[in-house]
Amino acid sequence: MQTKFIAVAIALAFGAGATVSAGAQEIVKIGHVGPVSGAQSHLGKDNENGANMAISDLNAKGIKIGGKPVKFVLVLEDDGADPKQGTTVAQKLVDAKVNGVVGHLNSGTTVPASRIYYNAGIPQVSPASTNPVYTKQKFNTTFRVVANDAKLGGTLGKYAVDKLGAKKIAVIDDRTAYGMGVATEFIKGAKGAQIVDKQFTNDKATDFNAILTSIKAKNPDLVFFGGMDAVGGPLLRQMKALGIKAKFMGGDGVCTDALPRLAGTAAADGVVTCAEAGGVPPELQKNMDDFRARYKKAYNQEVQLYAPYVYDSVMTLAQAMQDAGSSDPKKYLPFLKKVKYQGVTGLITFDQFGDINDGSLTLFTYTGGKKTRMEVVR
């Protein structure tokens, strides 16, 4: 009887010790939002995968904050690329008392959600949204790790004229905050070319016959589209069907591995020029290549677009928390403003608005149905 009592006491003692140890480990919640349902779900899931990789790596390293062991937990939400749904899930993350947020994918959801995070004092790092409005609202909680539309659209406009020799350009946008923003900046950058037509569609459209018929009559040598690949791919297909032989250009929203699947043979060699709103110089390319290899091994698919930038966004939040010795948003926010994190995508530091310093672009085309890197532009 006494032996049994001692055995139980020992078991309880070890159990209590394990509970104390687990209880001493602080839980740090990182919210992630992207469209994991709907036409853009392949991009939202890509981002989500990048966040999961970062969380796994942080926990594997046994990160300590303020000398205390922590466990990072990812809190996932789906905004469906819809602004109303975006604000709803933003409030859910606030109510869940997350320590920081990575997201959203689309400017149209990122911008309205940013006010909710700002009011709650929760830092938000966007890995993909490029509309300049996001960081110009004077919210001290907003940051992004990619170049904005002024750089993205403006650079593409200049490239279209100077490198592709475009003289007559038609512009289409999808009326979203992202699509209109990048199209507006593209037009500003396309100095020396004639904008022969401006058309618009929406981010759920499938029939472009009317606007493309109008464009065909203007005989442009380049068509610029401000929007995402779910619309850009079918648009490119219908351009080919109508016999429009113009080059096609778009921003990061169409610059995905999925575009050839969505556009079919219309994405023929050299027809499309696009840009990611981030750029990795040659000396850091091995870091990106290693990340892509790890990603493919983990998920049995290629990186679609912004997974590396999501990964770096999570890591940047974690770095600021370590620098501050606290995961309390109020305490680590000042450290996030002056953070220096050498990530997969390059050195991450922010300017006074929360935009990444020295934001760069990577230009791509498609050959043999594959996205092919052309050059990095700073």
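Just so you know, the residues in each chain are numbered from 1, in the order the chain's sequence is written. Per-residue local features are limited, in this predicted model, to residues with pLDDT of at least 70; the limit for side-chain atom pairs, both in listing and counting, is 80 or more; totals at the level of whole chains, interfaces and linings are taken over all residues. Side-chain descriptors were evaluated using all non-hydrogen atoms of the structure, hydrogens and water having been removed beforehand.

We now examine the pairing of strand 9 (residues 222-226). When a residue's accessible area, from a 1.4 Å probe over protein chains only, is under 20% of the maximum for its type it is buried; when over 50% it is exposed; and in between it is partly exposed. A run of DSSP states H or I qualifies as a helix once it reaches four residues; a run of E qualifies as a strand once it reaches two. Both are numbered from the N-terminal end. Of all five residues making up strand 9, five are buried, and the element is well covered by its neighbours. Side chains of strand 9 alternate between two faces, with Leu222, Phe224 and Gly226 and Val223 and Phe225 buried alike. Whether two strands pair depends on DSSP finding at least two bridges between them. With five bridges joining them, strand 7 (residues 168-173) and strand 9 adopt parallel strand pairing. For Asp173, the partnering residue across the bridge sits in strand 9 and is Gly226. Sheet topology note: the strand 9/strand 10 (residues 247-250) ladder contains four bridges and is parallel.

Structurally, Ala263 is set in helix 9 (residues 259-263). Sequence separation of Ala263 and Lys370 is 107 residues, and the distance between their C-alpha atoms is 12 Å. Among all residues touching Ala263, those that are not within four sequence positions of it are Gly233, Leu236 and Arg237. Any two residues whose heavy atoms approach within 4.5 Å are treated as being in contact.

A fitted line through C-alpha atoms serves as each axis, taken over the contacting stretch for helices, and the angle formed by two N-to-C directions is quoted from 0 to 180°. In the contact formed by helix 10 (residues 285-299) and helix 11 (residues 307-324), the axes pass within 11 Å of each other and the chain directions differ by 100 degrees. Comparing the axis directions of helix 10 and helix 11 gives the class roughly perpendicular. Taken together, the residues of helix 11 that come into contact with helix 10 (itself represented by Met288, Phe291, Arg294 and Tyr295) are Ala307, Pro308, Tyr309 and Tyr311. Under the convention adopted here, Pro, Cys and the residues Ala, Val, Leu, Ile, Met, Phe, Trp and Tyr are nonpolar, Asp, Glu, Lys and Arg are charged, and Gly plus all remaining residues are polar. Residues belonging to the contact of helix 10 with helix 11 are distributed by class as follows: seven nonpolar, no polar and one charged. Roughly parallel here means an angle under 35 degrees, roughly antiparallel means over 145, roughly perpendicular means 65 to 115, and every remaining angle is called oblique.

By convention in these notes, a salt bridge is any Lys or Arg side-chain nitrogen within 4 Å of a carboxyl oxygen on Asp or Glu. In total, this model carries 14 salt bridges according to the counting rule given. In this structure, the salt-bridge partner of Asp57 is Arg294, at a minimum N-O distance of 2.7 Å. Note that Asp57 is positioned in helix 2 (residues 41-61) and Arg294 in helix 10, a separation of 237 residues in sequence. The exposure class assigned to Asp57 is buried, which follows from its relative accessible area of 16%. Of the residues examined, Arg294 reaches a relative accessible area of 38% and is grouped as partly exposed. Residue Lys204 pairs with Asp203 through a salt bridge whose shortest N-O separation is 3.5 Å. Judged by relative accessible area, which is 62%, Lys204 ranks as exposed. When salt bridges with common partners are traced through the structure, they connect Lys136, Arg144 and Asp355 into a single cluster.

So, about helix 6 (residues 177-189). The end-to-end C-alpha distance of helix 6 is 18 Å, a good match for the 18 Å that 13 residues give at a rise of 1.5 Å each. Of the positions making up helix 6, those classed as buried are Tyr178, Gly179, Gly181, Val182, Ala183, Glu185, Phe186 and Gly189. Buried residues belonging to helix 6 abut helix 4 (107-120), helix 5 (149-162), strand 7, strand 9 and strand 10. Given the number of residues in a helix, its expected span is that number minus one, multiplied by 1.5 Å.

For this text, the term disulfide refers to a pair of cysteine sulfurs within 2.5 Å. Counted by the stated rule, this structure contains one disulfide. Two residues share a disulfide in this structure: Cys255 and Cys274, whose sulfurs sit 2.2 Å from each other. Every disulfide takes its handedness from the sign of the S-S torsion; for Cys255 and Cys274 that torsion is 60 degrees, giving right-handed. With Cys255 in the loop between strand 10 and helix 9 and Cys274 in strand 11 (residues 272-276), this pair connects stretches of sequence that are 19 residues apart.

Note on sheets: strands pair through backbone hydrogen bonds, and any given pair is parallel or antiparallel. Taken together, the seven strands give an open sheet; going across it, the order is 8-7-9-10-11-14-15, and neighbouring strands pair in mixed fashion. At either end of the open sheet lies a strand with only one pairing partner, and these are strand 8 (194-200) and strand 15 (370-377). Strand-to-strand, the axes of this sheet are offset by a mean angle of 25 degrees, without reference to chain direction. As defined by bridge partners, strand 11 adjoins strand 14 (residues 361-367) across four bridges and the pair is classed as antiparallel. Residue pairing in the sheet places Ala275 in a bridge with Leu363 of strand 14.

Right, let's get into the UniProt feature "domain: Leucine-binding protein" (unreviewed entry) in the protein chain. UniProt positions are given in the numbering used here, feature names are shortened, and annotations may be inferred rather than shown by experiment. According to UniProt, the "domain: Leucine-binding protein" (unreviewed entry) feature falls on residues 28-352. Taken end to end, residues 28-352 has its terminal C-alpha atoms 27 Å apart, with 45% of it in helix and 19% in strand.

Moving on, we get to the pairing of strand 7. With respect to burial, strand 7 is a largely interior element, five of its six residues being buried. As judged from the six bridges shared by strand 7 and strand 8, these two strands associate in the parallel manner. The residue of strand 8 that forms the bridge with Val171 is Lys198. Handedness is read with the strands pointing away from the viewer; a crossover is right-handed when the path from the first strand over the helix to the second is clockwise. In this fold, strand 7 hands off to helix 6, which returns the chain to strand 8; that crossover is right-handed.

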